[in-house]
Amino acid sequence: VVDTLAVIVGGSAEPEVMALSSDLMTTVDTGASVLGTGRRTELGCAAFLNATAGTFLELDEGNRFARGHPSIHVVPAGLAFSEVQACSGSDLLLAIILGYEVGARIGIGSRLRPSIHPHGTWGTVGAAVTVAKLAGASAAEMREVINVASPLGLANSDRTMLEGGTVRNSFAGFSAQNALMAWRLVRNGFSGERDGLRTVWEQVLSDSWDPTVLVHRLGDHWEISRNYFKRHACCRYNHGALDVLIDLRERHDLKAESIRTVDVETYSPAARLDDQTPRNTLAGKFSLPFAVATTLIHGDAGVSSFTWDAVRDARIRDLSLRVRVCENEDMTAMLPTHRPARLTVTLKSGQEITGYTETNRGDPEDPYSEEELTDKFFELTNRVWPEDFSRRLLDATMELEQLENINDLTRPLQGPTIAKC
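Conventions adopted
- Residues numbered from 1 in each chain as written.
- Predicted model: local features only at pLDDT ≥ 70, side-chain atom pairs only at ≥ 80, totals over all residues.
- Heavy atoms only, no water.
- Helix = DSSP H or I, 4+ residues; strand = E, 2+ residues; numbered from the N terminus.
- Contact = heavy atoms within 4.5 Å.
- Buried < 20%, exposed > 50% of the residue type's maximum accessible area, 1.4 Å probe, protein only.
- Axes fitted to C-alpha atoms, helices over the stretch in contact; angles between N-to-C directions.
- Parallel < 35°, antiparallel > 145°, perpendicular 65-115°, else oblique.
- Nonpolar A, V, L, I, M, F, W, Y, C, P; charged D, E, K, R; others polar.
- pLDDT = per-residue confidence, 0-100.
- Salt bridge = Lys/Arg side-chain N within 4 Å of Asp/Glu carboxyl O.
- Phe/Tyr/Trp six-rings, centres within 6.5 Å; stacked < 30°, edge-to-face > 60°.
- Lys NZ or Arg CZ within 6 Å of the ring centre and 35° of its normal.

Caption draft 1: Molecular detail of the environment of Ser 82. Structurally, Ser 82 is set in helix α4 (residues 71–85). Considered as a pair, Ser 82 and Val 131 are 49 residues apart in the sequence and their alpha carbons are 8.2 Å apart. Apart from the residues lying within four places of it in its own chain, the contact partners of Ser 82 are Cys 87, Leu 92, Leu 134 and Ile 406.

Right under this line is the structure:
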């Protein structure tokens, strides 16, 4: 929850998000919080804006087995609903855990078609479960919510992210908004198919569906414990290569001006991110050549490495043209347990330096420390708030289960004193 709040607040400072928030929040100042703005609005709109902001920096957590990002779908919907209903912090946490589990298991049990981007698909069902749990849904209502929410997911295009179409950042927003609508529909007597999950994930969005995954060790094994956190502000498929690059850079004191070429071998989904001339910041986040080049120039892969200034930097664009990406089929066969990458850096002197990894930083096998994740929290929230205010939010969120009313957490976020300058 802390990490997701941070990516939402950090993303709220992006110009497109600021413009959209101003456009949509014209008259309403009651309802649910739009983080980073100091204002509230109708809960569906708040969930939409928060989830959209939370994807903008490409730093939201994920689950490699589900092949997607459960939290940025379930947390914004759950937070908005819990504020309006004055739910307790412990109730919100439980609902988030359950929604995360349902969404992630659908992702694992299906195999989305390669042309479909995972944002806004099974996350809609997970978020709807979160909302229904907070609403006190009966077993029959919960079943109906799942069936109603299933066809409300998006059938979106994977090309959107590859080409830098920033509409992609709204997919999770629509998912959170539709999740709230799913509960409203069921509450007012609407119904879904008898088995909406099977129809959508066996015939519409996916050709492969294994419903046994949904109940295997249910209540004993929790997907939220297999999540990953991100420190590189770009697509997760880039991260293995960037982890190797940063290690090589530190051990060999690599300088961008001394490099002739960089060759990246990796698994199939990562090898698709081979655009050497991304047209905007989002396309840069989904470009392995650009990610490698900007990391070499800036020294890290944080938010500042994926700005418009970085995309327009002639040094980065030149170096991107010298980064070559190819698929290694043996590496592809290692998915999803491993996400490997091998880098070969050829210096202008002719020397070759090679590095390899099978594990990405932030995975359960190689987790970031609490200190590293806390640093991330402040890096993102301090784009909007002073550090003492961010510290109070961090401390309060880490004790979320103690709150009798979630508004005790979000009420201090309201008002012009802490809105963006």
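Caption draft 2: Spotlight on the environment of Val 84. Within the fold, Val 84 resides in helix α4. What makes Val 84 partly exposed here is its relative accessible area of 41%. Among residues more than four places away in sequence, those in contact with Val 84 are Gly 31, Ala 32 and Leu 43.

Caption draft 3: Layout of the packing of helix α2 (residues 15–24) against helix α3 (residues 43–56). Running from N to C, α2 and α3 point in directions that differ by 175 degrees, and their axes come no closer than 10 Å. The angle between α2 and α3 places the two elements in the roughly antiparallel class. The segment α2 lies against α3, with Glu 16, Val 17, Leu 20, Ser 21 and Leu 24 engaging Cys 45, Phe 48, Leu 49, Ala 53 and Phe 56. By residue class, the composition of the contact of α2 with α3 is 8 nonpolar, 1 polar and 1 charged.

Caption draft 4: How the structure looks around the confidence of the model for the protein. Across the protein, the average pLDDT comes to 94, with 98% of residues at 70 or higher. Low confidence marks residues 417–421, where pLDDT is under 50. Its contacts with residues over four positions away, or in another chain, come to 16 contacts.

Caption draft 5: A look at the pattern of salt bridges. Using the criterion set out here, one finds 28 salt bridges in the structure. Where Arg 322 meets Asp 318, a salt bridge forms, and the shortest distance between an N and an O atom there is 2.7 Å. Judged by relative accessible area, Arg 322 falls into the partly exposed class, the value being 22%. Using a relative accessible area of 41% as the deciding quantity, one classes Asp 318 as partly exposed.

Caption draft 6: Molecular detail of helix α1 (residues 2–11). Counting buried residues along α1, 10 of its 10 residues qualify, which places the element largely inside the surrounding structure. Every buried residue of α1 is accounted for by Val 2, Asp 3, Thr 4, Leu 5, Ala 6, Val 7, Ile 8, Val 9, Gly 10 and Gly 11. Structurally, α1 contributes buried residues whose contacts are with α2, α3, α4, α19 (370–381) and α20 (387–397).

Caption draft 7: How the structure looks around the packing of aromatic side chains. Counted under the stated rule, the structure contains 5 aromatic pairs. Here Phe 377 and Phe 378 contribute two aromatic rings whose centre-to-centre distance is 5.5 Å and whose plane-to-plane angle is 80 degrees, an arrangement assigned as edge-to-face. We classify Phe 377 as buried; its relative accessible area is 2%. Accessibility expressed as a relative area gives 9% for Phe 378, which makes it buried. One residue, Arg 226, lies across the ring of Phe 65, its end atom 3.6 Å from the ring centre. Across the ring face of Tyr 228, the terminal group of Arg 236 is positioned such that the distance to the ring centre comes to 4.0 Å.

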